[in-house]
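# Coordinate inspection notes
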Amino acid sequence: MRQPLVAGNWKMNGSRASIRELLDGVKAGMGEVKTAEVAVCSPHIFLCDVQQQLDGSAVAWGGQDISVHESGAYTGETAGSMLAEFGCKYVIIGHSERRTYHGETDQVVAEKFVAARKAGLVPILCIGETLEERESGITEEVVGRQIDAVIAHCGVEMLGEGVIAYEPVWAIGTGKTASPEQAQEVHAFIRGRIAAASATVAEGLRILYGGSMNPGNAAQLLAQSDIDGGLIGGASLKAADFLAIATAANA
Ligand code: PEP
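Residues numbered from 1 in each chain as written. Predicted model: local features only at pLDDT ≥ 70, side-chain atom pairs only at ≥ 80, totals over all residues. Heavy atoms only, no water.

### Comments concerning the overall build of the protein
Note the threshold: A run of DSSP states H or I qualifies as a helix once it reaches four residues; a run of E qualifies as a strand once it reaches two. Both are numbered from the N-terminal end. Only the C-alpha atoms count toward the radius of gyration. The rule for a globule is 2.2 Å times the residue count to the power 0.38. Each residue is assigned to one of three classes by its accessible area relative to the maximum for its type, calculated with a 1.4 Å probe on protein chains only: buried under 20%, partly exposed between the two thresholds, exposed over 50%. Contacts between residues were defined by any pair of non-hydrogen atoms, one from each residue, lying within 4.5 Å. Here the Shrake-Rupley method, with its probe set to 1.4 Å, supplies the accessible areas, and only the displayed protein chains count as covering residues. His residues and chain termini do not enter the charge count, which takes Lys and Arg as positive and Asp and Glu as negative. Where a charge lies is defined by one atom per residue type: Lys uses NZ, Arg uses CZ, Asp uses CG and Glu uses CD.
Secondary structure assignment for the protein yields 12 helices and 8 strands. Taking 18 Å as the expected radius of gyration for a compact globule of 251 residues, we find that the protein reaches 17 Å, a close match to that expectation. Here the protein holds 251 residues, and the buried ones make up 54% of them. Across the protein, contacts joining residues at least 24 apart in sequence account for 72% of those joining residues at least 6 apart. Of the roughly 10,800 Å² of accessible surface on the protein, 51% is carried by carbon and sulfur atoms. Within the protein, the 30 negative side-chain charges are centred at a point lying 4 Å from the centre of the 19 positive side-chain charges.

Structure below.
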């Protein structure tokens, strides 16, 4: 049985004060969350505060990106060891905003997956098609390619040490959510693709849905057999909404 994971992606939002308030709210409501594991992925500059506030709580935390390098002359980047030093369990890699605005290729994302594992972090590997790709009927080709790149570089066993987030790009931050059927169809495809390399890894791997998930649509999405949680952007900035999504996963 795969434990659902509900992970927040705050993106580049918040202040020290607003995050303190947000996390106070999340911690206060965690008693209602019966089934899901809950995590928040913070801007790196706030990780020291996040660690202090969440240490000893039921909420895990993580970063939003990682350098492929371990250290050195890479101005502005964050090494996996640095994220680990601030208690991160997770790190998001290959988010569509990184792929689009920072030119991250499938190869770079695969290298980041390895960098995360070397630092003992659990990578949340984001994959997903654009609207144009969906309308051209190549969704499976795109997500298949994105997965294959990681398997080719790391091997399927290492892929199994991470988490996948299927995030159709057209649904991220747009208010347009994939229907539960649309999402389930792609999640099942992803699991099948991985099963071709290892049935055991495919069975154990958590595949999250991301893209305008909110308290109103979470229960139906999370009820799908191949949807094992959510990666939540906008709704993770409001404690009540984030908790409502996490409790929607209650068995
Ligand atoms: C995301 O940033 O990964 C995301 C899914 O955002 P939103 O929930 O706002 O669509």
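### Brief notes about the layout of surface pockets
Using the following cut-off: Of the grid points, spaced at 1 Å and generated over the protein atoms alone, those admitting a 1.4 Å probe that cannot get out make up cavities, while open sets with protein on both sides within 12 Å along at least five of seven lines make up pockets; any residue with an atom within 4 Å of a point is treated as lining. Grid points are joined across faces, edges and corners, and a volume is the space filled by probe spheres set on the points. Side-chain classes are defined by residue name, with Ala, Val, Leu, Ile, Met, Phe, Trp, Tyr, Cys and Pro counting as nonpolar, Asp, Glu, Lys and Arg as charged, and the others, Gly among them, as polar.
Roughly 470 Å³ of volume is contained in the largest pocket. Lining the largest pocket are 18 residues, and of these Lys-11, Met-12, Gln-64, Asp-65 and Arg-98 sit closest to its centre. The residue inventory of the lining of the largest pocket, partitioned by class, reads 5 nonpolar, 8 polar and 5 charged. The volume enclosed by the second largest pocket comes to roughly 250 Å³. Around the second largest pocket, the lining is made up of 14 residues, and of these Met-1, Arg-2, Pro-4, Leu-222 and Ile-227 lie nearest the centre. Of the residues assigned to the lining of the second largest pocket, the class counts are 8 nonpolar, 4 polar and 2 charged.

### Looking at unusual backbone geometry
Leaving glycine out, the prevailing phi sign among residues is negative, and the prevailing peptide bond configuration is trans. The phi torsion at Lys-11 lies on the positive side, around 55 degrees, for a residue other than glycine. If you trace the backbone, Lys-11 turns up in the loop between strand 1 (5-9) and helix 1 (16-29). A positive phi angle, close to 55 degrees, is found at Ser-212, a residue other than glycine. Position of Ser-212 among the secondary structure elements: in the loop between strand 7 (207-210) and helix 11 (218-222).

### What about the side chain of Asn-217?
The following threshold applies: We define a polar contact as two N or O atoms separated by no more than 3.5 Å, with the added condition that, inside protein, one atom must be a possible hydrogen donor and the other a possible acceptor, whereas residues neighbouring each other in sequence contribute only through side-chain atom pairs.
With respect to the helices and strands, the residue Asn-217 is situated in the loop between strand 7 and helix 11. Asn-217 gets classed as buried once you look at its relative accessible area, which sits at 14%. A distance of 3.1 Å separates the side chain of Asn-217 from the backbone oxygen of Ser-212, its partner in a polar contact. Within polar-contact distance, the side chain of Asn-217 engages the backbone nitrogen of Asn-214 at 2.8 Å. Not counting residues within four places of it along the chain, the set of residues in contact with Asn-217 comprises Thr-177 and Ser-212.

### Focus on the state of the cysteines
The following threshold applies: Cysteine sulfur pairs qualify as disulfides if the two atoms are within 2.5 Å.
Counting across every chain of the model gives 0 disulfides. Cys-48 takes part in no disulfide bond, and the closest cysteine sulfur, belonging to Cys-88, lies 11 Å away. Given the relative accessible area of 33%, Cys-48 is considered partly exposed. For Cys-126, which is in no disulfide, the shortest distance to another cysteine sulfur is to Cys-41 and amounts to 8.9 Å.

### Here's the deal with the site of the ligand
Rule in force here: Neighbouring residues are identified by heavy atoms, a residue being near a molecule or strand if any of them is within 4 Å of it.
The immediate surroundings of the ligand are formed by 14 residues, with Lys-11, Glu-167, Gly-173, Ser-212 and Gly-233 found nearest. Within the side chain of Lys-11, an N or O atom sits 2.8 Å from an oxygen atom of the ligand. Residue Gly-234 places a main-chain N or O atom 2.8 Å away from an oxygen atom belonging to the ligand. Burial of the ligand by the protein chains amounts to 96% of its free accessible area of 290 Å².

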